[in-house]
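The chain contents come next:
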Amino acid sequence: MAVRMEPDERRKSILATAMSIIDEHGHQGLTMRALARACGMSAPGLMHYFPDMPTLVVAVIDYREQRDADLYDLSMRGPGVTRMMLDKAIQNIIDRPKAAELFAIVEAQAIDPRHPGHEYFKYRNERLVADVLPIASAEYENAEELIRQLIAIADGLQLNWLRDPESFDLMERWKAIADPLLAAAERCDVRGAEPDER
């Protein structure tokens, strides 16, 4: 029997449980019936919050992105902060391959304008750019274009890694592209201490 919760709390609990299932079993292990059972709910009860699987997985991805946002201190500024944040994002992909796989699959499905995640993915890059731009602007001239290039590169590398994670070294391939791109980028006159990596 499900523990009584407020609707917002219940929704977060469902998404956390769904993310745990994906982290352990991959997206193939996530079904409406299995999730309802894991949450101690009936299938109709679950569908009150998420009427179908596409709506559920988009909500799971949004939950994952909000969860991962806690890994980053967006208030940091200084030499090397942009690169440190981007490297951390790549490492997060490597550390959570099942979640990365789900993201890639749903993003591809959401190309269809009828998919419930179409608008979410359409504007996702704009949200990422808005988050990272204040950090990059403290280090680089033309920071917005630089960040857009790096996000596109990271997305492409992620797909190649997901296809062949055994032989495709994601971090090394990322460094091979990011190193010269960032080295060639025009820098601002940055003064301050090195970033605190605690």
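Residues numbered from 1 in each chain as written. Predicted model: local features only at pLDDT ≥ 70, side-chain atom pairs only at ≥ 80, totals over all residues. Heavy atoms only, no water.

Caption draft 1: The arrangement of the overall build of the protein in detail. Within the protein, the regular secondary structure consists of 10 helices and zero strands. The principal-axis extents of the C-alpha atoms in the protein amount to approximately 60 × 35 × 35 Å. Here the protein holds 198 residues, and 37% of them are scored as buried. Taking contacts inside the protein between residues at least 6 apart in sequence as the whole, the part at least 24 apart equals 67%. For the protein, the centre of its 24 positive side-chain charges and the centre of its 34 negative side-chain charges are spaced 5 Å apart. (Helix = DSSP H or I, 4+ residues; strand = E, 2+ residues; numbered from the N terminus. Buried < 20%, exposed > 50% of the residue type's maximum accessible area, 1.4 Å probe, protein only. Contact = heavy atoms within 4.5 Å. Lys, Arg positive; Asp, Glu negative; His and termini not counted. Charge placed at Lys NZ, Arg CZ, Asp CG, Glu CD.)

Caption draft 2: Structural detail: the nonpolar core. The biggest cluster of nonpolar side chains holds 27 residues, and the ones touching the most others in it are Leu30, Leu35, Leu56 and Val60. If you list the elements that add at least two residues to this core, you get α1 (7–25), α2 (32–38), α4 (53–69), α6 (97–109) and α7 (118–122). Setting aside anything within four residues of it in sequence, one finds leucine 35 in contact with Ile14, Thr17, Ala18, Ile21, Leu30, Leu46 and Leu56. (Core = buried A, V, L, I, M, F, W, Y, C linked by side-chain atoms within 4.5 Å.)

Caption draft 3: Inspection of helix α10 (residues 170–184) at higher detail. For α10, with 15 residues, the first-to-last C-alpha span of 22 Å sits near the 21 Å given by 1.5 Å per residue. Along α10, the residues that are buried comprise Leu170, Met171, Trp174, Ala178 and Leu182. Summarising the contacts, the buried residues of α10 are in contact with α5 (81–95) and α9 (143–163). Two or three places before methionine 171, at the opening of α10, aspartate 169 has a side-chain oxygen 3.3 Å from that residue's backbone nitrogen. (Expected span 1.5 Å × (residues − 1). Polar contact = N/O pair within 3.5 Å; in protein donor to acceptor, adjacent residues only side chain to side chain.)

Caption draft 4: Expanded view of the environment of isoleucine 90. Within the secondary structure layout, isoleucine 90 lies in helix α5. On the basis of relative accessible area, isoleucine 90 is assigned to the buried category, the value being 3%. Sequence-distant contacts of isoleucine 90, that is, excluding residues within four places in its chain, are made with Ala154, Leu170, Met171 and Trp174.

Caption draft 5: Just the packing of helix α8 (residues 124–137) against α9, in detail. Between α8 and α9, the shortest axis-to-axis distance is 9 Å and the interhelical angle comes to 125°. In terms of orientation, α8 and α9 fall into the oblique class. As α8 runs across α9, the sense of the crossing is right-handed. Residues Arg124, Asn125, Glu126, Leu128, Val129, Val132, Leu133, Ala136 and Ser137 of α8 pack against Ala143, Glu144, Ile147, Arg148, Ile151 and Asp155 of α9. (Axes fitted to C-alpha atoms, helices over the stretch in contact; angles between N-to-C directions. Parallel < 35°, antiparallel > 145°, perpendicular 65-115°, else oblique. Left-handed = near helix turned anticlockwise from the far one by under 90°.)

Caption draft 6: Structural detail: the packing of aromatic side chains. For the structure on display, the rule yields two aromatic pairs. With a centroid separation of 5.3 Å and an interplanar angle of 85°, the aromatic rings of tyrosine 120 and phenylalanine 121 are classed as edge-to-face. The pair formed by tyrosine 120 and phenylalanine 121 is uniform in burial state, with each residue classed as buried. Through pairs of rings, three or more aromatic residues link up here, namely Phe103, Tyr120 and Phe121. (Phe/Tyr/Trp six-rings, centres within 6.5 Å; stacked < 30°, edge-to-face > 60°.)

Caption draft 7: The arrangement of the confidence of the model for the protein in detail. Summing up the model confidence of the protein, the mean pLDDT is 88 and the portion of residues at 70 or higher is 93%. Mean pLDDT values over the elements of the protein span from 88, in α4, up to 96, in α10. Of the regions scoring below 50 in pLDDT, residues 192–198 engages in 11 contacts with residues more than four places distant in sequence or in other chains. (pLDDT = per-residue confidence, 0-100.)

Caption draft 8: Focus on α6. The first and last C-alpha atoms of α6 sit 18 Å apart over 13 residues, in line with the 18 Å expected at 1.5 Å per residue. Contact partners of the buried residues in α6: α1, α4, α5, α7, α8 and α9.

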